Amino acid sequence: MQVRRLSGKSETRLMLLFAGWGMDDAPFAPFARRYETWVVWDYAELGGLPPLPADRPIDLVAWSMGVWAATQTVAREALASATAVNGTPWPIDAARGIPPAIFDATLAGLSEAGLARFRRRMCGGAAGLDAFLRHAPRRGLEDLRRELAALGEAIRTRPEQPFAWTRAIACDRDRIFPPEAQRAAFPGALARPGAHWAPEVFAALLAGEEP
């Protein structure tokens, strides 16, 4: 895993952000930061998270594949809160995540054109994609293929870890993790407008506000 520490106006809390597949810190850097934020990405190999500070509350915001990765790598007792956004602890699952055939087809067909189609779906269309690409991740296609293949293997072989989520948020136009699958995983999930890439939700959560 990779971690980038982004400074904020206050260090009274720490926002721990587990990003999704294919990300780095670039898409999140433009958000105004009320608190120090650690952005975590690249789950080809799990581990490598620096020791979490014990002198302040830590709020986890986990998005997409980051929901599963957080359950595998973070001690829940170290956190003041844990929010799942547009993801589930069962990311390759016919009922509670991405259907296995769709996941496998995404990996098998991964190309520059396939990545462009994925990102368009992720962003909910052309306008959202244009905004996302202004701060696009700085990673190559083979790097993304390596991460996705490793995720597929790890998700199917690593044991499930118990994890008590404070809340889950499911956006109504998510075309990556179907909203109905998110509700099956989290029956009390909060419905919010938006696509899989949900900058308004991220901005609110990282500011310590209700989305």
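Our structure's up above, just so we're on the same page.
Presented here is a report on the structure given in the accompanying data block.

Conventions and cut-offs
Residues numbered from 1 in each chain as written. Predicted model: local features only at pLDDT ≥ 70, side-chain atom pairs only at ≥ 80, totals over all residues. Heavy atoms only, no water. Buried < 20%, exposed > 50% of the residue type's maximum accessible area, 1.4 Å probe, protein only. Helix = DSSP H or I, 4+ residues; strand = E, 2+ residues; numbered from the N terminus. Pairing = 2+ DSSP bridges. Right-handed = clockwise from strand over helix to strand, strands pointing away. Phe/Tyr/Trp six-rings, centres within 6.5 Å; stacked < 30°, edge-to-face > 60°. Axes fitted to C-alpha atoms, helices over the stretch in contact; angles between N-to-C directions. Parallel < 35°, antiparallel > 145°, perpendicular 65-115°, else oblique. Contact = heavy atoms within 4.5 Å. Nonpolar A, V, L, I, M, F, W, Y, C, P; charged D, E, K, R; others polar. Salt bridge = Lys/Arg side-chain N within 4 Å of Asp/Glu carboxyl O.

**So, the pairing of strand 3 (residues 35–41)**
Moving on, step 1. Summarising burial for strand 3: seven of the seven residues are buried, a large majority.
Moving on, step 2. Relative to strand 3, strand 1 (residues 2–6) runs antiparallel, the two sharing five bridges. Bridge pairing in strand 3 places Arg-5 opposite Trp-38.
Moving on, step 3. The sheet contact formed by strand 2 (residues 10–18) and strand 3 spans six bridges and is parallel. Of the residues in strand 3, the one forming a bridge with Phe-18 is Val-40.

**Some words on the pairing of strand 4 (residues 58–63)**
Moving on, step 1. Strand 4 sits mainly inside the fold: six of its six residues count as buried.
Moving on, step 2. In this structure, strand 2 lies alongside strand 4, joined through five bridges in parallel fashion. Bridged to Leu-17 within strand 4 is Val-61.
Moving on, step 3. The sheet contact formed by strand 4 and strand 5 (residues 81–85) spans five bridges and is parallel. Within strand 5, the residue paired with Trp-63 across the bridge is Val-85.
Moving on, step 4. Handedness of the crossover joining strand 4 and strand 5 through helix 1 (residues 65–73): right-handed.

**A word on the packing of aromatic side chains**
Moving on, step 1. With the rule as written, the count across this model stands at 14 aromatic pairs.
Moving on, step 2. Geometrically, the ring pair formed by Trp-63 and Phe-202 is edge-to-face, given 5.4 Å between the ring centres and 70° between the ring planes. Residue Trp-63 is located in strand 4, and its partner Phe-202 is located in helix 7 (residues 199–206); the two are separated by 139 residues in the primary sequence. For the pair shown, Trp-63 and Phe-202 are each scored as buried.
Moving on, step 3. Among the aromatic side chains, those forming a connected cluster through ring pairs are Phe-28, Phe-31, Trp-63, Phe-132, Trp-197 and Phe-202.

**Some points on the packing of helix 3 (residues 112–123) against helix 4 (residues 126–133)**
Moving on, step 1. Remark: helix 3 packs on helix 4, axes separated minimally by 7 Å, with the N-to-C direction vectors making an angle of 110°. As judged from the angle between their axes, helix 3 and helix 4 are roughly perpendicular. Residues Arg-119, Arg-120, Met-122 and Cys-123 of helix 3 pack against Ala-126, Gly-128, Leu-129, Phe-132 and Leu-133 of helix 4.
Moving on, step 2. A per-class count over the contact of helix 3 with helix 4 returns six nonpolar, one polar and two charged.

**What to know about helix 1**
Moving on, step 1. Judged by how many residues are buried, helix 1 sits mostly within the fold: eight of nine residues are covered.
Moving on, step 2. Of the positions making up helix 1, those classed as buried are Met-65, Gly-66, Val-67, Trp-68, Ala-69, Ala-70, Thr-71 and Gln-72.
Moving on, step 3. Contacts from the buried residues of helix 1 go to strand 2, strand 4, strand 5, helix 2 (100–108) and helix 5 (141–157).

**Observations concerning the pattern of salt bridges**
Moving on, step 1. A full pass over the atoms with the stated rule returns 15 salt bridges.
Moving on, step 2. For Asp-59, the salt bridge is made with Arg-13, and the minimal N-O distance between the two is 2.6 Å. A residue pair is termed long-range when its members are at least 10 positions apart, and Asp-59 in strand 4 and Arg-13 in strand 2 qualify at 46 residues.
Moving on, step 3. On the accessibility criterion, Arg-13 (25% relative accessible area) is partly exposed.
Moving on, step 4. Between Arg-138 and Asp-24 there is a salt bridge, with the nearest N and O atoms lying 3.4 Å from each other. With a gap of 114 residues between them, Arg-138 in the loop between helix 4 and helix 5 and Asp-24 in the loop between strand 2 and strand 3 connect regions that are remote in the sequence.
Moving on, step 5. For Asp-24, a relative accessible area of 4% gives the class buried.
Moving on, step 6. Several salt bridges share partner residues, and in doing so they unite Asp-42, Arg-139, Asp-143, Arg-146 and Glu-147 into one network.

**Let's talk about the environment of Glu-153**
Moving on, step 1. By secondary structure assignment, the location of Glu-153 is in helix 5.
Moving on, step 2. Residue Glu-153 is classed as exposed on the basis of its relative accessible area, which comes to 51%.
Moving on, step 3. Note: C-alpha distance between Glu-153 and Ala-44 (109 residues apart in sequence) is 9.7 Å.

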